[in-house]
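Read off the chains here:
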Amino acid sequence: MRSKEFFSECVNKWRLDELTQIIDRFESDMAYYVKVNHVQTAQNYPNMLLFTASKSILTFREVVTLCLNGYSDGALSLTRNLYEQLITLMFLEFKENKSDFPSIIENYFIDHDICRLKALKYEAEYCFDNEEMKDKIENQLKQIKQTVNNKCSQDYWWAGKNGFKDMVDTVMNSLEEKVAGASKTIAKLHLLYKRACVSIHASSMGNSVRLGIDNSLPIIDTSPNLNGQAIPLYFAASTFRYICCKICSKLNIAYNKYDNELIALEKYYYGKCFGDLNSIKKENDRCPINQQQ
């Protein structure tokens, strides 16, 4: 069991109180927006943004909780979801003024029903051996698939993409078309995404490499630690900043306070990842924290 001193050192070293306050304020802004605008649940872009905000808030709180308890690999694994939210928001930003944008949003919500029915079909077939129920659900699935021309075999079918990599490539290419070199911002974050995949997957590397631990030592260390939180917190702060700014911008909510505070924390975590920022200024200039979204 960890001591009060352990938690106190984690909070101070990784500035977790500051992160928690930012998350709380963002949640309050979202709640105020819903209340003032009398938002009703609907299958539209604003609702999609609000659900994205709520999931991102929850995920970031889970990341902070794991970092507080010394489990940095678990925190990094969760941060994958924030990055996936970021890519989706950026993709929709590029598509917003295109003719197919309404159908993309419609298909995004249709995917909810498809995922639910696929799970129910599996349950009926393999858990309950209920052929009648399975056939009924399968017919419902066929009806929905016909409305979208059976284009729902991939996870990101609703975006017209073959998978998450296809989504990332589209975002990177779109950025590059606007500003030369801008895709490097996403490339650097995607590298952290790949590192997060190492932490979450049951593989030789995933089972043996841990953040904040000297992996060269011939021991298996399962203890929580104070030293591995920099990468997940940098990754989480970077992706959450974009999520905050993009959602606030679309909902006409002031976002400068999130932008400035999260940039300061990004710089802090970046320094913890790679050393004193003053001694690596050239590298810092190329870092995603200094790129304009």
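Provided above is the structure to which this section pertains.
Summary of the structure given here. From a predicted model like this one, the values you see are computed outputs, not experimental measurements. Residue numbers here run from 1 along each chain, matching the order of that chain's written sequence. The predicted nature of this model means local features are confined to residues of pLDDT at least 70 and side-chain atom pairs, given and counted, to a pLDDT of 80 or more, with totals for whole chains, interfaces and linings taken over all residues. Here the side-chain values reflect all heavy atoms present in the structure, with hydrogen atoms and water set aside.

**With respect to the overall build of the protein chain**
Part 1: Of the regular secondary structure elements, the protein chain holds 11 helices and zero strands.
Part 2: Runs of H or I in DSSP of at least four residues are treated as helices and runs of E of at least two as strands, each being numbered from the N terminus. Its helices and strands in sequence order give the protein chain the pattern α-α-α-α-α-α-α-α-α-α-α, from N to C terminus.
Part 3: Only the C-alpha atoms count toward the radius of gyration. The rule for a globule is 2.2 Å times the residue count to the power 0.38. What you see for the protein chain is a C-alpha radius of gyration of 21 Å, in line with the 19 Å of a compact globule of 293 residues.
Part 4: Expressed as lengths along the three principal axes of its C-alpha atoms, the size of the protein chain is roughly 60 × 45 × 40 Å.
Part 5: Three labels apply to residues, based on accessible area from a 1.4 Å probe with only protein chains included: buried if under 20% of the type maximum, exposed if over 50%, partly exposed otherwise in between. With 293 residues in all, the protein chain has 44% of them scored as buried.
Part 6: Every residue pair with non-hydrogen atoms within 4.5 Å of one another is taken to be in contact. At a minimum sequence separation of 6, the contacts of the protein chain that also span at least 24 residues come to 69%.
Part 7: Every accessible area reported is derived by Shrake-Rupley at a probe size of 1.4 Å, with residue values counting cover from the shown protein chains alone. Accessible surface, the protein chain: about 16100 Å² in total, of which carbon and sulfur atoms supply 51%.
Part 8: Between the mean site of the 36 positive side-chain charges and the mean site of the 36 negative ones, the protein chain shows a separation of 4 Å. Two residue types count as positive, namely Lys and Arg, and two as negative, namely Asp and Glu; His and chain ends fall outside the count. Note that the charge is assigned to NZ on lysines, CZ on arginines, CG on aspartates and CD on glutamates.

**Thoughts on the layout of surface pockets**
Part 1: For cavity detection a 1 Å grid was placed over the protein atoms alone, and a set of points counts as a cavity when a 1.4 Å probe fits there but cannot get out; an open set counts as a pocket when protein lies on both sides within 12 Å along at least five of seven lines, with lining residues being those that have an atom within 4 Å of a point. Grid points are joined across faces, edges and corners, and a volume is the space filled by probe spheres set on the points. Roughly 550 Å³ of volume is contained in the largest pocket.
Part 2: The wall of the largest pocket is formed by 18 residues, among which Gln85, Tyr108, Asp111, His112 and Trp158 lie closest to the centre.
Part 3: Here the element with the most residues in the lining of the largest pocket is helix α5 (residues 101–127); it accounts for six residues.
Part 4: Side-chain classes are defined by residue name, with Ala, Val, Leu, Ile, Met, Phe, Trp, Tyr, Cys and Pro counting as nonpolar, Asp, Glu, Lys and Arg as charged, and the others, Gly among them, as polar. Its residues assigned to classes, the lining of the largest pocket shows seven nonpolar, six polar and five charged.

**Focus on helix α6 (residues 131–147)**
Part 1: The span you would expect from a helix comes to 1.5 Å times its residue count less one. Here α6 is 17 residues long and its end C-alpha atoms lie 25 Å apart, about the 24 Å a rise of 1.5 Å per residue gives.
Part 2: Among the residues of α6, Lys134, Ile137, Leu141 and Ile144 are the ones counted as buried. For α6, the angular spread of the buried residues around the axis is 90°, confining them to a single face. When the buried face of α6 is taken as reference, the exposed residues oriented beyond 90 degrees from it are Glu132, Lys136, Gln143, Gln146 and Thr147.
Part 3: For this analysis, a polar contact is any N or O atom pair within 3.5 Å, provided that within protein one partner can donate a hydrogen and the other can accept it, and provided that sequence-adjacent residues contribute only side-chain to side-chain pairs. Where α6 begins, the side chain of Asn130 points an oxygen toward the backbone nitrogen of Glu132, at a separation of 3.3 Å. Note that the arc is computed from the directions linking the helix axis to the C-beta atoms.

**Some thoughts on the environment of Pro224**
Part 1: Tracing the backbone shows Pro224 in the loop between α8 (183–200) and α9 (230–250).
Part 2: Sequence-wise, Pro224 and Cys67 are 157 residues apart; in three dimensions their C-alpha atoms are separated by 9.3 Å.
Part 3: When residues no more than four places from it in sequence are discounted, the contact partners of Pro224 are Arg2, Phe6, Asn69, Gly70 and Tyr71.

**Details of the pattern of salt bridges**
Should the charged atoms of two oppositely charged side chains come close, the side chains can pair.
Part 1: Should a side-chain nitrogen of Lys or Arg be within 4 Å of a carboxyl oxygen of Asp or Glu, the pair is scored as a salt bridge. What the rule picks out here adds up to 16 salt bridges.
Part 2: Across the pair Glu27 and Arg61 runs a salt bridge, and its minimum N-O distance is 2.7 Å. Separated by 34 residues along the polypeptide, Glu27 in helix α2 (residues 16–36) and Arg61 in helix α3 (residues 45–68) bring together distant segments of the chain.
Part 3: On the basis of relative accessibility, which here comes to 34%, the residue Glu27 falls in the partly exposed class.

**Some thoughts on unusual backbone geometry**
A negative phi angle is the norm for most residues apart from glycine, just as the trans form is the norm for most peptide bonds.
Part 1: Although it is not a glycine, Asp129 adopts a positive phi angle of roughly 50°.
Part 2: Topologically, Asp129 is positioned in the loop between α5 and α6.
Part 3: Classification of Asp129 by relative accessible area gives exposed; the value is 63%.
Part 4: Although it is not a glycine, Asn252 sits at a positive phi angle of roughly 60°.
Part 5: Mapped onto the secondary structure, Asn252 falls in the loop between α9 and α10 (256–274).

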